[in-house]
Amino acid sequence: FGSSACLSCEDGFYNPDPGSSACFTCAPGKFTNDDQTDCLLCPSGKISGVASSECTVCEIGKFAENEGSVECKFCNTDEVVKGSITAESGTKSKSGCICPAGKYLNNETSTCDTVPEGVKETVEGMNVTTMNLEMGFWRTTSDSSDILMCLAEDHCLGGSDPEKQCKEGHTGPLCAVCDKGFASTGSGPTLKCNICEGGDATLTIAVYLGLFIVTLGLAVGLACCCNGRKPDQDEDDDDDINLTSADSLAAGNRLSRGLSSAQAERAVKKVNGIMSAIAEVQPFIKIMFSYYQIVGGMSWGFDLNFPPIITSFLSFTSSIVNLDFLNLMPLGCITTSDFHRTLVVMTLGPFTLGFLNLLLYKAFKTCGSKQRANETFGWFLFMTFLILPSVSTKIFSTFACRDFDGDYGSYLKVDYSIDCNSEEHKRYVNYAGVCCAVFPIGVPLMYFFLLRRVKTLLDPGQKLLCFEKGEEEGLKAALEERERLEQENEDLASLSFLYSAYEPKCWYFEIVETMRKLILTGGLIFLGPGTSEQIAISMIICLGAIRIFSGFKPFVKQSHDNFSEVSQWQVFFVMLSAMMIKTKLDAGETSSEQGLYDVILVGIQFMSPLLLVGILLKKGETAVRRFTRSASASAEGGEVGQGMGNLELVE
C-alpha cells in the first residue's frame, strides 16, 4: 500500500500473477525460475527444501532417482548395494551406485565384496562380468568369480574379456594348451608354445635327441664301470687295492701282453685305482640324482610357482636326471603329441628294454658267461633306479584331474588338453592302473625279493661282529666276509648296485630310499594336491626320512652318510620355501628381501653339486699323489721314462 515501486520476490519465492501484493514460497523439491514467476521441479540427482532458489546436488555416495526429490538416498544400504558408492556427485539413480576400487558387485548378495586375488584393485565399478584380471590370471567364463593363477604369468594376458585372456599360441584351461600351429615344450610353469613354422622346431628336436643319446651313453658307462665294485677302505694305500673286478683284470690282461710283469702289475693297479675311485663316487651321484628327481617335480606336485630362475633350473635338471627328453622337444610339430601318448612311450619303452635286458641276461647265463650276465643285470637295475621316479610320476599323473567351476568340466593337470570325463581318458586310467603294478609297486617288490633271498650272504652277522670287536673292527670284518662270500657266489655281483654302498646290516636300504623317492615324487598327487596340508605332510615325511637315515647311518662310508643327510635337508628347505609361497608369508617383503630369498633358494640347489665337485677335487689330489709315488717307484728301478709312458697309457 502506498508503494512507489514494485519489489522483487526474495530467493525461494515466486509470484505468477502481475499486480500481486505477495510472493509465494516454493515447495520442497522445487526451485524458482530465473524471473521468479514459477517453481520448477528439481531434476534427478538434485534436491531442495522449502523456498529454494536452486537445487542442491547429491553428494558422492548418494543419489536422487526422481524429479522433485526432497532428499538424497544412500547407496550403502541393504535396499541398494551394501558397500557401494557413486563415481561422482549428482547421481540420478541407484544404477549409478557402484563398488569402489578393490571391490566388485556380488549379484547374488547385492553387496560389494573384496575382489579375489588376481583382479585389479584400481578399477571402480566392477561386477562379476566386468572384473578386470591382472596378467597371469584366468577364469572360465565372464560369469565366474573363481579367479585362478596361470601356470606361468606370461601365458595369460588378463583383462575383462575371457575370450581374449590367453597369449598368442595358448588356449584352453589356464591358457595351458597350445593352439593349432603351435607345439609345446616343457611343462607347468616352463610350458612354452612354439610356432611350428620354419626349421627351429626340427633343430631343437635334433639337439635334444643328441643330448639324450650322450646322457644315456654316460649312464650306461657309469653302470657298467661301477658294477660289482666297492669303495676302497683306504683311499691313500695302493697296496689295499684288490684285483677283484673282472673289468680291471681284463684291462690288466690286455695291457700285460705288451708290458713286463712289473709294469703290468702297476698298470692293473692303476686301472683298479681309477675304477675304485669311480665306484666310490657312485653313491654321491646316486644321492644327487635322487635329490633332483624329488625337487624337480615339486612345483607341479604342490601346484605353485617357485621364482622363475628356480623353476627353469629345476625343470631342466629334472628332465636330464629323469631322461624325460620328450618333454623338452616340440614333438607336436611333427606328430600328434599329448600326455596319453607320452605315457605309453614312457611305460612300454622301459618295460620293453627291461624285458630284452633280462632275456640277454638269461642268454649270457645259459652260455656260461657269468661276468657278462652280471653286468647285464646290473645295467637293468641301474635303469630301474634311473627311470622309476619319473615313470611312476607319469603313471600317478593319470589320476590327477582338476575340476573347474560351472559347466567348464574336469581336465588332466599334467595336460589340460585332455578331458578327464572322456571315454578315451578312462581307458588310459585303466592302463595306468596296470602300470602301477609293474613300476611303483613291482620294482620295489623285485628289489626286496632279490635282496631277501641272499640276505645271509649280504649280512654275515655285522651286529654280532660289532658286539665282539667294536663298531669299526666289526664293520671291517663284516665287509671282508661279505667280499669273501661274493667271490664264492658270483651271482651276487649282479645285485651290487643295490647294496654295495650300504653296510651289511643295512642290505635293504635301497628299498627304503626307493620308497622315499616314490612318496616324495608321484605320491604327492594323493596328499591333498594344491593345499598347505599337502606340503606339511610332505615335510613331516621328509623329516621322518632324515631321522631314519641319520639314526641308521646305512652307508659304508661316513662321507656318504653326511652327503645323504645334506641332500635330504636340502629337500626339506625347498619344501619350507614352498610352504612360505603357498601361505604367502613373503607377501609383504620388499624387492630386495625377495631377491635375497631367491638367492638363498638358488644356493640350496647348488649345495650338492658343489660338495660333489669338492669331493672329486679331493679324489683328483689323491690320484696325483698315487701317480707321483708310481713315478718315483719307477725312477728308483731305473725305468723312469718307460714307467711314465706306461702310466700315461693307462690314464
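Residues numbered from 1 in each chain as written. Predicted model: local features only at pLDDT ≥ 70, side-chain atom pairs only at ≥ 80, totals over all residues. Heavy atoms only, no water.

Okay, the overall build of the chain next. Helix and strand content of the chain: 19 helices and 22 strands. Taking all 651 residues of the chain together, 45% fall into the buried category. Looking at the chain alone, contacts between residues at least 24 apart form 59% of all its contacts between residues at least 6 apart. Counting only carbon and sulfur atoms, one obtains 58% of the accessible surface of the chain, whose full area is about 32,100 Å². (Helix = DSSP H or I, 4+ residues; strand = E, 2+ residues; numbered from the N terminus. Buried < 20%, exposed > 50% of the residue type's maximum accessible area, 1.4 Å probe, protein only. Contact = heavy atoms within 4.5 Å. Areas by Shrake-Rupley, 256 points an atom, 1.4 Å probe, with all protein chains shown as cover.)

Let us now look at the sheet that holds strand 20 (residues 401-403). With respect to topology, 3 strands assemble into an open sheet ordered 20-21-22, the strand pairing being antiparallel. Every interior strand has two partners, whereas the edge strands, strand 20 and strand 22 (415-419), have only one. Taking each pair of neighbouring strands and ignoring which way they run, the sheet shows an average axis angle of 40 degrees. In the sheet, strand 21 (residues 410-412) pairs with strand 22 via 2 bridges, with the strands oriented antiparallel. (Pairing = 2+ DSSP bridges. Axes fitted to C-alpha atoms, helices over the stretch in contact; angles between N-to-C directions.)

With that out of the way, let us pick up the side chain of Glu513. Relative to the assigned elements, Glu513 resides in helix 14 (residues 509-520). Accessibility expressed as a relative area gives 8% for Glu513, which makes it buried.

Here we come to the sheet that holds strand 13 (residues 126-127). If you trace the 3 strands from one edge of the open sheet to the other, you get 12-11-13, paired in mixed fashion. The sheet terminates laterally at strand 12 (111-114) and strand 13, the two strands that pair on one side only. Relative to strand 13, strand 11 (residues 103-106) runs parallel, the two being bridged by 2 bridges. Within the sheet, the bridge partner assigned to Leu105 lies in strand 13 and is Asn127.

The subject of this paragraph is the pairing of strand 18 (residues 182-185). Direction of pairing for strand 18 relative to strand 19 (residues 192-195): antiparallel, over a ladder of 4 bridges. Bridged to Thr185 within strand 19 is Lys192. Between strand 18 and the antiparallel strand that follows it, strand 19, lie 6 residues; Gly186 among them carries a positive phi value of about 75 degrees.

Inspection of the secondary structure assignment puts Ser390 in helix 7 (residues 370-397). Dropping the residues within four chain positions of it, Ser390 is found in contact with Asn322 and Met346.

Take helix 5 (residues 308-321) next. Here helix 5 contains 14 residues, and its C-alpha end-to-end distance of 20 Å stays within 8% of the 20 Å for a straight helix at 1.5 Å per residue. Burial in helix 5 covers these residues: Ile310, Thr311, Leu314, Ser315, Thr317, Ser318, Ser319, Ile320 and Val321. (Expected span 1.5 Å × (residues − 1).)

Before going further, it helps to examine the packing of aromatic side chains. Applying the stated criterion across every chain yields a total of 26 aromatic pairs. With a centroid separation of 5.7 Å and an interplanar angle of 80 degrees, the aromatic rings of Trp138 and Phe404 are classed as edge-to-face. You can see Trp138 sitting in strand 14 (residues 137-138) and its partner Phe404 sitting in the loop between strand 20 and strand 21, a full 266 residues away along the chain. The residues Trp138 and Phe404 share a single accessibility class, namely buried. The interplanar angle of 45 degrees and the centroid separation of 5.0 Å between the aromatic rings of Tyr361 and Phe377 together place this pair among those described as tilted. Here the residue Tyr361 occupies a position in helix 6 (residues 339-366), and Phe377 occupies one in helix 7, the gap between them amounting to 16 residues. (Phe/Tyr/Trp six-rings, centres within 6.5 Å; stacked < 30°, edge-to-face > 60°.)

Let us look at the packing of helix 15 (residues 532-552) against helix 16 (residues 558-583). Axis separation between helix 15 and helix 16 bottoms out at 10 Å; the angle between their running directions is 165 degrees. When the axis of helix 15 is compared with that of helix 16, the two are roughly antiparallel. Crossing of helix 15 over helix 16 shows left-handed handedness. On helix 16, the residues touching Ser532, Ile535, Ala536, Ser538, Met539, Cys542, Leu543, Ala545, Ile546, Phe549 and Ser550 of helix 15 are Ser564, Glu565, Gln568, Trp569, Val571, Phe572, Met575, Leu576, Ala578, Met579, Lys582 and Thr583. The residue inventory of the contact of helix 15 with helix 16, partitioned by class, reads 15 nonpolar, 6 polar and 2 charged. (Parallel < 35°, antiparallel > 145°, perpendicular 65-115°, else oblique. Left-handed = near helix turned anticlockwise from the far one by under 90°. Nonpolar A, V, L, I, M, F, W, Y, C, P; charged D, E, K, R; others polar.)

The subject of this paragraph is the confidence of the model for the chain. A residue-level look at the chain finds 78% of positions with pLDDT of 70 or above and a mean pLDDT of 81. Across the chain, the secondary-structure element scoring lowest on mean pLDDT is helix 19 (residues 640-650), at 40, and the one scoring highest is helix 9 (residues 442-452), at 95. A low-confidence stretch, residues 638-651 (pLDDT under 50), is modelled with 24 contacts involving residues beyond four sequence positions or located in other chains. (pLDDT = per-residue confidence, 0-100.)

Along the polypeptide, Ile147 turns up in the loop between strand 14 and strand 15 (148-149). The exposure class of Ile147 is buried, given its relative accessible area of 12%. In contact with Ile147, other than residues within four places in its own chain, are Pro116, Glu117, Gly118, Val119, Met131, Leu133, Phe137, Trp138 and Arg139.

Turning our eyes to something else, we now look at the state of the cysteines. With the rule as written, the count across this model stands at 10 disulfides. Each sulfur in the disulfide pair Cys178 and Cys193 lies 2.1 Å from the other. Residues Cys178 and Cys193 are joined by a disulfide whose S-S torsion is about -95 degrees; by sign, that bridge is left-handed. Here the residue Cys178 occupies a position in strand 17 (residues 177-178), and Cys193 occupies one in strand 19, the gap between them amounting to 15 residues. Here Cys193 falls in the buried class, since its relative accessible area comes to 14%. (Disulfide = S-S within 2.5 Å.)

This part is about the packing of helix 9 against helix 14. For the pair helix 9 and helix 14, the least separation of the axes is 10 Å and the interaxial angle reads 175 degrees. Comparing their axes, helix 14 and helix 9 come out roughly antiparallel. Facing helix 9, whose interface residues are Pro444, Tyr447, Phe448 and Leu451, helix 14 presents Ile511, Thr514, Met515 and Leu518. When the residues that make up the contact of helix 9 with helix 14 are grouped by side-chain class, the tally is 7 nonpolar, 1 polar and no charged.

On the surface, Ile441, Leu445, Phe448 and Phe449 cluster together to form a nonpolar patch covering roughly 390 Å² of accessible area. By relative accessible area, Phe448 is classed as partly exposed at 34%. (Patch = residues over 30% accessible without salt bridge, like charges linked within 9 Å, V, L, I, M, F, W, Y side chains within 5 Å. Salt bridge = Lys/Arg side-chain N within 4 Å of Asp/Glu carboxyl O.)

What follows deals with the pairing of strand 12. Where strand 11 meets strand 12, 4 bridges bridge the pair, whose relative direction is antiparallel. Considered in strand 12, the bridge of Lys103 is made with Thr114. The antiparallel pairing of strand 11 with strand 12 creates a hairpin that spans 4 residues between the two strands, and Ser110 there sits at a positive phi of about 55 degrees.

Of note in this structure, Gln36 is not a glycine but carries a positive phi near 55 degrees. Along the polypeptide, Gln36 turns up in the loop between strand 3 (30-32) and strand 4 (39-41). Look at Ala51: it is not a glycine, yet its phi comes out positive at around 55 degrees. Structurally, Ala51 is set in the loop between strand 5 (46-47) and strand 6 (56-57).

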